[in-house]
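Topology and contacts: notes
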Amino acid sequence: NRTQEAVATAGASLGGDIASAKNHLLAEHNATQAAVAAAHADAAEGLSAAKSDLLAEHNRTQEAVATAGASLGGDIASAKNHLLAEHNATQAAVAAAKSDLMALYDESQAVVATAGASLGENLASAKNLLLAEHNATQAAVA
């Protein structure tokens, strides 16, 4: 009876120790599960914040690129307009110079024609004078 009682007491004590260990392990398991869930929630929140930050940075970069592109496009358009204006001014200057050269050419042609006509008249006059002198000499000889 005493052995049976000792076995029963030891068994009850052992059963209590096992139940206590089981409860302790269950509590540890639940605490670990809660810590993992909290860490998971923190990581998800951190990832979400990082994603938001990256998206905001991406949008700022896109805006900066668009602004720089628009500015560059404006600079290119301005340079194109400036070059076009320079080209048009050069074309006008070339046309004016060509017109001046044509006027000088026409004027020199008129001077040459006048000089040629005057020279022709002078030659005809000299020929007539020589012919008259010749005839007078012929008459005197005769």
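Residues numbered from 1 in each chain as written. Predicted model: local features only at pLDDT ≥ 70, side-chain atom pairs only at ≥ 80, totals over all residues. Heavy atoms only, no water.

**A few points about the overall build of the protein**
Along the backbone of the protein there are 1 helix and 0 strands. Scaling as 2.2 N^0.38, a compact globule of 142 residues should have a C-alpha radius of gyration of about 14 Å, whereas the protein reaches 60 Å, well beyond that. Principal-axis analysis of the C-alpha atoms gives the protein an extent of 205 × 20 × 5 Å. Accessible area for the protein stands at about 11,900 Å²; split by element, carbon and sulfur atoms hold 64% of it. Taking the average location of the 7 positive side-chain charges in the protein and that of its 15 negative ones, the two points are 13 Å from each other. (Helix = DSSP H or I, 4+ residues; strand = E, 2+ residues; numbered from the N terminus. Rg over C-alpha atoms; globule rule 2.2 N^0.38 Å. Areas by Shrake-Rupley, 256 points an atom, 1.4 Å probe, with all protein chains shown as cover. Lys, Arg positive; Asp, Glu negative; His and termini not counted. Charge placed at Lys NZ, Arg CZ, Asp CG, Glu CD.)

**Examining the environment of Ala38**
Inspection of the secondary structure puts Ala38 in helix α1 (residues 2-141). Along the chain, Ala38 and Ala89 lie 51 residues apart, while their C-alpha atoms are 75 Å from each other.

**As for the pattern of salt bridges**
Applying the stated criterion across every chain yields a total of 1 salt bridge. As a salt-bridge pair, Glu57 and Arg60 come within 2.6 Å of each other at their nearest N and O atoms. A residue pair is termed a helical-turn pair when its members lie 3 or 4 positions apart in one helix, as Glu57 and Arg60 do in helix α1 at 3 residues. Overall, Arg60 belongs to the partly exposed group, its relative accessible area being 47%. (Salt bridge = Lys/Arg side-chain N within 4 Å of Asp/Glu carboxyl O. Buried < 20%, exposed > 50% of the residue type's maximum accessible area, 1.4 Å probe, protein only.)

**Considerations on the environment of Ala124**
Along the polypeptide, Ala124 turns up in helix α1. The spatial distance from the C-alpha of Ala124 to the C-alpha of His24 is 146 Å, given a sequence separation of 100 residues.

**Comments concerning the environment of Val112**
Looking at the element boundaries, Val112 is found in helix α1. Spatially, the C-alpha atom of Val112 lies 28 Å from that of Leu131, the residues being 19 residues apart in sequence.

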